[in-house]
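Single-letter residue listing:
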Amino acid sequence: ASLYTSAADMSRLIAAHRPGPNGEPVGRGVLRPDTLAAMRKPEAWQYGAEVWGLGTILYAPNNRGSFIIGHDGNNEPAINTAVRLDPDTGDGIVILETGNKVLATQLAGEWVFWSTGHVDTLTVLLEARSTIRLLAIGAGVAFLGVFLLVWRLTRRRKVAKA
């Protein structure tokens, strides 16, 4: 299953979180203001960090008592989308990208860091995965090195006794 959207639809979603330019209320008649507030309020945590609102990811504190919110998606073939919004300022970014599974997420993470000075939640998870992979490879190489050293030393002792 997939969800298809356009940059214009995603921009409308971001715009719904802010009052309209002609005095339209927050939600623009599609979402109620209390629904938007619930989307921005922490409802679930991961590793002790506030990560999920209702239907949104809480990417990072926005330094105004709230969060940069949004959502990401990816699929095969390599398609990646990312939306970030600071509801307090109305600043946001929409990235629709093909050809790379994580480029839109990485670019949006850079925008969050540039906007707030805080690292984006998904950036932390992406970096943690690659760090764990490198640590596992390093541990494997170290184990192999110790194994070969012990094998060589025991072999020398056997040769010296003979």
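Remember, it's a predicted structure, so these values are computed and weren't measured experimentally.

Draft legend 1. Structural view of the layout of surface pockets. One number sums up the size of the second largest pocket: a volume of about 190 Å³. Surrounding the second largest pocket, 13 residues form its lining, Asp72, Asn74, Thr105, Leu122 and Leu126 being those nearest its centre. Sorting the residues of the lining of the second largest pocket by element identifies β4 (67-75) and α4 (121-161) as the ones contributing at least two each. When grouped by side-chain class, the residues that make up the lining of the second largest pocket number five nonpolar, five polar and three charged.

Draft legend 2. Main features of the environment of Leu85. Within the secondary structure layout, Leu85 lies in strand β5 (residues 79-85). The buried category is assigned to Leu85, whose relative accessible area is 2%. A sequence separation of 14 residues divides Leu85 from His71, and the C-alpha atoms of the two residues are 9.5 Å apart. With near-sequence residues (within four places) excluded, Leu85 lies in contact with Ile14, His17, Phe67, Ile68, Ile69, Gly90, Asp91 and Gly92.

Draft legend 3. Summary view of helix α1 (residues 7-16). Regarding α1, the residues found buried are Met10, Ile14 and Ala16. Viewed along the axis of α1, the buried residues span an arc of 160 degrees, placing them on a single side of the element. If you follow the buried residues of α1, they end up packed against α2 (33-40), β5 and β6 (92-98).

Draft legend 4. Representation of the environment of Gln46 within the structure. If you trace the backbone, Gln46 turns up in strand β1 (residues 44-46). Judged by its relative accessible area of 29%, Gln46 is partly exposed. When the C-alpha atoms of Gln46 and Ala139 are compared, they prove to be 26 Å apart, with 93 residues separating the residues in sequence.

Draft legend 5. Layout of helix α3 (residues 103-116). The first and last C-alpha atoms of α3 sit 20 Å apart over 14 residues, in line with the 20 Å expected at 1.5 Å per residue. Every buried residue belonging to α3 is among Ala104, Thr105, Ala108, Gly109, Trp111, Val112 and Thr116, and all of these are buried. Projected down its long axis, α3 carries its buried residues within an arc of 160 degrees, all on one side. For α3, the exposed residues lying more than 90 degrees away from the buried face are Glu110 and Trp114. Just downstream of α3 lies Gly117, where phi reads positive at about 80 degrees.

Draft legend 6. Fine view of the packing of aromatic side chains. Taken as a whole and judged by the stated rule, the model has zero aromatic pairs. Note that Arg84 overlies the ring of Tyr59, its terminal NZ or CZ placed 3.5 Å from the centroid.

Draft legend 7. The arrangement of the nonpolar core in detail. Val51, Ile57, Tyr59, Ala60, Ile68, Trp111, Val112 and Leu122 together form the largest nonpolar core, which totals eight residues. Counting only elements with at least two residues in this core, the list comes to β3 (57-61) and α3. Among the elements that make up this core, the one with the highest residue count is β3 (three residues). Membership of the second largest hydrophobic core comes to seven residues, among which are Ile14, Leu58, Phe67 and Leu85.

Reading the values: the criteria
- Residues numbered from 1 in each chain as written.
- Predicted model: local features only at pLDDT ≥ 70, side-chain atom pairs only at ≥ 80, totals over all residues.
- Heavy atoms only, no water.
- 1 Å grid on protein atoms, 1.4 Å probe; cavity = no way out; pocket = protein on both sides within 12 Å on 5 of 7 lines; lining within 4 Å.
- Points joined across faces, edges and corners; volume = space filled by probe spheres on them.
- Helix = DSSP H or I, 4+ residues; strand = E, 2+ residues; numbered from the N terminus.
- Nonpolar A, V, L, I, M, F, W, Y, C, P; charged D, E, K, R; others polar.
- Buried < 20%, exposed > 50% of the residue type's maximum accessible area, 1.4 Å probe, protein only.
- Contact = heavy atoms within 4.5 Å.
- Arc of directions from axis to C-beta.
- Expected span 1.5 Å × (residues − 1).
- Phe/Tyr/Trp six-rings, centres within 6.5 Å; stacked < 30°, edge-to-face > 60°.
- Lys NZ or Arg CZ within 6 Å of the ring centre and 35° of its normal.
- Core = buried A, V, L, I, M, F, W, Y, C linked by side-chain atoms within 4.5 Å.

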